[in-house]
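Survey of secondary and tertiary structure
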Amino acid sequence: MSVITRFAPSPTGHLHLGSAYSAFFAERCAREAGGRFLIRIEDIDRERCRDLYAQAIFEDLAWLGLRWETPVRYQSAHFDDYINACARLDALQLLYPCFCSRREIRAEIRAAGYAPHAAPAGPEGPVYPGTCRDLSPAERQQRIASGASYALRLDTTRALAQTGPLTWFDRSRGEQPVNLEKLGDVVLARKDSPTSYHLSVTVDDHLQGITLVTRGDDLFAVTPLHRLLQALLGYNTPEYLHHGLRTGPEGQRYSKRDKSLSIRYLRESGLSPRQVQEMAHADL
Ligand code: GLU
């Protein structure tokens with residue numbers, strides 16, 4: 001089976017050294033296996049994403065010497081795919097509307113007797129205590145009809161009961177069990193936004209035929225959720241390879257806020273593509 005990898009930036013700012021490393025990593029995994037390397041623009045957040053940043057990302061990647069297949073998939077052009085996937089999960093009766101605000105969730109966690117720092121938390125923040133999980137259908141309908149805002153959460157316990165035990169495979173860390181205790185009932189869509197990172201990334205990796213998902217270690221902890229969504233939606237499971245995150249001079253993770261570590265800035269300061277490539281591969 002041919003290896004297909006992807007680099008999936010969100011165009012909320014200029015490409016920085018950390019994401020350039022991720023792009024090189026994905027491209028190298030494909031090249032070394034004689035496979036294909038794709039790019040996907042993750043721009044579902046229409047408020048934070050800018051087309052001009054997507055263009056700048058392409059320019060910077062090309063300047064660095066990377067080549068990829070076209071056409072590039074833009075998530076913002078495929079909301080229907082995510083809406084369909086969401087409807088399929090809903091038909092499995094695995095989604096429920098949650099009307100809680102962040103503040104109400106914090107209060108509920110305190111009321112359950114947890115000090116704020118001791119409450120169960122995972123990569124997505126405090127684990128949702130399940131307040132709206134057991135609302136009656138009539139109450140749900142009445143609140144939706146009253147115009148209340150809501151998020152659609154996945155009932156992960158019920159979902160896992162439907163799929164049975166699952167595992168996923170990380171090429172460097174081996175077989176991993178799917179355990180969602182630290183994620184809880186994650187939000188997959190909202191009243192005013194029909195998808196989320198988790199849903200879109202799972203749908204797109206499937207539709208683009210990705211066989212090896214490479215990305216930073218910061219996303220290792222959410223991969224079990226993507227595996228669960230694949231099982232529920234009947235998708236094949238790609239392999240995964242999470243890579244270490246590059247760090248800046250003070251050991252900090254690169255961030256788009258740090259303009260001096262953007263490829264654009266380094267280019268404009270007169271460095272050559274080769275020098276910037278080397279920086280992207282080293283901790284500074
Ligand atoms: N769009 C995500 C990011 O920029 C990457 C998602 C992924 O590789 O799965 O962090």
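To keep things clear, this report deals only with the structure shown in the data block. (Residues numbered from 1 in each chain as written. Predicted model: local features only at pLDDT ≥ 70, side-chain atom pairs only at ≥ 80, totals over all residues. Heavy atoms only, no water.)

1. A closer look at unusual backbone geometry
Following T70, the chain continues into P71 via a peptide bond in cis, with omega recorded as 0°. Note that P71 resides in the loop between α2 (51-63) and β3 (73-74). Positive phi is not limited to glycine here, since Q93 has a value of about 60°. Structurally, Q93 can be placed in the loop between α3 (79-91) and β4 (95-98). Among the residues examined, Q93 registers a relative accessible area of 54% and is labelled exposed. (Helix = DSSP H or I, 4+ residues; strand = E, 2+ residues; numbered from the N terminus. Buried < 20%, exposed > 50% of the residue type's maximum accessible area, 1.4 Å probe, protein only.)

2. Things to note about the sheet that holds β3
Backbone hydrogen bonds are what pair the strands of a sheet, in a parallel or an antiparallel way. The parallel open sheet is built from three strands, whose spatial order is β1-β2-β3. Either end of the sheet is taken by a strand with one partner, and the two such strands are β1 (4-7) and β3. Here helix α1 (residues 17-32) sits on the sheet in contact with β1 and β2 (36-41), set at roughly 170° to β1. Packing against the sheet, helix α7 (residues 197-207) makes contact with β1, β2 and β3, and its axis sits at approximately 145° to β2. (Pairing = 2+ DSSP bridges. Contact = heavy atoms within 4.5 Å. Axes fitted to C-alpha atoms, helices over the stretch in contact; angles between N-to-C directions.)

3. Things to note about the pattern of salt bridges
Using the criterion set out here, one finds 20 salt bridges in the structure. In this structure, the salt-bridge partner of R40 is D204, at a minimum N-O distance of 3.7 Å. With a gap of 164 residues between them, R40 in strand β2 and D204 in helix α7 connect regions that are remote in the sequence. Several salt bridges converge on common partners, so that one network encompasses R6, R40, E42, R73, D81, D204 and D205. (Salt bridge = Lys/Arg side-chain N within 4 Å of Asp/Glu carboxyl O.)

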